[in-house]
Amino acid sequence: MHRSLLARFRQGHRTHRFPREAPTLPPLYRGMPRIQSEKCASGCTRCQEVCPTDAITFQSGKPTLDMGHCLFCGLCETACPADALTFSRDYRLAVNRRQGLIVGDGEADRAALVETANRVFRRSLRLRQVSAAGCNACEADTNVLGTLSFDLGRFGIQFVASPRHADGILVTGPVSENMKLALQKTLDAVPAPKVVIAVGACAIGGGPFRGHDEVHNGVQDIPVDLYIPGCPPNPWTILDGLLRMLGIETPATQK
Ligand code: SF4
């Protein structure tokens, strides 16, 4: 007993000081895409050609990147001869409108206050996680929020086993045919008011499975309150999205 207390004492405080301090991100972290179309060579579509999920489209010669389909693989950044498309280290990617995931020139839109969530769930948010045929990467990066370093519980956010005890659902995976009804039934079992959170490229738009006969390209026929892009999103990106949805300010990325 003494040894474990001593070890605990030596370890000190292990929970990160987020959101008072910005998170420490891995060196290879790819965050908010930045597009400077003025640098694009005319007629060049290299980034679009290499993209495995058709996340890049051109409008009047200018590239736009849909983070809802993006896997953050970085192929486009590598392929671009003019450094017109780069990935910053900004981890705050979550938005509450699908359109907000489309990145073009200039600053991206951010998750504004979700009135309902803030007013009702600000101090206590219970979520039911639904893995709708996910590969377990988004599930793992969501689950890790319950561990010591992140300690999701300190913000009043918790995952619950029954949708009847939940205030909303957090969906991962492309929503396979087999999971579609289960997802709908889970949502119906959540008492109103409720929130729906789509985590990862698959849940937002089908990800690498988009267009496959056996999937429904993510959460399509259910209104979504929060979109958290990535494949999988970094745990800090997920936590940032949840907190900003509840109206809790989060710090910009350290340089
Ligand atoms: S980083 Fe995203 S947009 Fe770029 S090639 Fe990969 S999936 Fe496509």
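Remember, predicted model here, so these are calculated numbers, not experimental data. (Residues numbered from 1 in each chain as written. Predicted model: local features only at pLDDT ≥ 70, side-chain atom pairs only at ≥ 80, totals over all residues. Heavy atoms only, no water.)

**Description of the packing of aromatic side chains**
For the coordinates displayed, the defined rule picks out four aromatic pairs. Where Phe18 meets Tyr91, the ring centres are 6.2 Å apart and the plane angle is 70°; that geometry is what we call edge-to-face. You can see Phe18 sitting in the loop between α1 (2-11) and β1 (33-35) and its partner Tyr91 sitting in the loop between β4 (85-87) and β5 (102-103), a full 73 residues away along the chain. Take Phe18 and Tyr91: they sit in the same class, and that class is buried. Residues Phe18 and Trp236 carry aromatic rings whose centres are separated by 5.1 Å and whose planes lie at 55° to one another, so their mutual orientation is tilted. Placement of the pair is Phe18 in the loop between α1 and β1 and Trp236 in helix α8 (residues 235-245), with a sequence separation of 218 residues. By the ring-pair criterion, three or more aromatic residues cluster together here, those being Phe18, Tyr91, Phe150 and Trp236. (Phe/Tyr/Trp six-rings, centres within 6.5 Å; stacked < 30°, edge-to-face > 60°. Helix = DSSP H or I, 4+ residues; strand = E, 2+ residues; numbered from the N terminus. Buried < 20%, exposed > 50% of the residue type's maximum accessible area, 1.4 Å probe, protein only.)

**Here we look at α1**
Little of α1 sits out of view: just zero of its 10 residues are buried. Backbone geometry just after α1 places Gly12 at a positive phi near 75°.

**Quick look at the site of the ligand**
With respect to spatial proximity, 14 residues lie near the ligand, and among them Cys51, Cys70, Cys73, Gly74 and Cys76 are the closest. When grouped by side-chain class, the residues that make up the shell around the ligand number 12 nonpolar, two polar and no charged. (Near = heavy atom within 4 Å. Nonpolar A, V, L, I, M, F, W, Y, C, P; charged D, E, K, R; others polar.)

**Comments concerning the sheet that holds strand β2 (residues 56-59)**
Here three strands make up an open sheet; going across it, the order is β2-β3-β5 and the pairing antiparallel. Single-partner strands in this sheet number two, and they are β2 and β5. In terms of strand pairing, strand β3 (residues 62-66) meets β5 through two bridges, oriented antiparallel. Residue pairing for β5: Leu65 is matched across the bridge by Val103. (Pairing = 2+ DSSP bridges.)

**Things to note about helix α6 (residues 177-189)**
Turning to α6, its buried residues number three or more, namely Leu183, Thr186, Leu187 and Ala189. Buried residues along α6 cover an arc of 155° about the axis, so they all sit on one side. Opposite its buried face, α6 presents the exposed residues Leu181, Lys185 and Asp188, each directed more than 90 degrees away. The inward-facing, buried residues of α6 abut β6 (125-131), β8 (168-172) and β9 (195-199). (Arc of directions from axis to C-beta. Contact = heavy atoms within 4.5 Å.)

**Structural notes on the pattern of salt bridges**
Inspection of every chain in the model, using the stated rule, returns six salt bridges. Residues Glu21 and Arg17 are paired through a salt bridge, measuring 2.9 Å at the closest nitrogen-oxygen approach. Arg92 serves as the salt-bridge partner of Asp90, at 3.8 Å between the closest nitrogen and oxygen. The exposure class assigned to Asp90 is buried, which follows from its relative accessible area of 8%. Taking relative accessible area as the criterion, Arg92 reaches 14% and is therefore assigned buried. (Salt bridge = Lys/Arg side-chain N within 4 Å of Asp/Glu carboxyl O.)

**Here's the deal with the nonpolar core**
Ranked by internal contacts, the top residues of the largest apolar core, which has 63 residues, are Ile157, Ile197, Leu239 and Leu242. Secondary-structure elements contributing two or more residues to this core are β4, β6, β8, α6, β9, α7 (200-205), β10 (226-228) and α8. A per-element tally of this core places α8 first, with six residues. If near-sequence neighbours (up to four positions away) are discounted, Ile197 is found in contact with Leu127, Ile169, Leu170, Val171, Leu226, Ile228, Leu242 and Met245. (Core = buried A, V, L, I, M, F, W, Y, C linked by side-chain atoms within 4.5 Å.)

No statement about biological role is implied by the geometric values presented.
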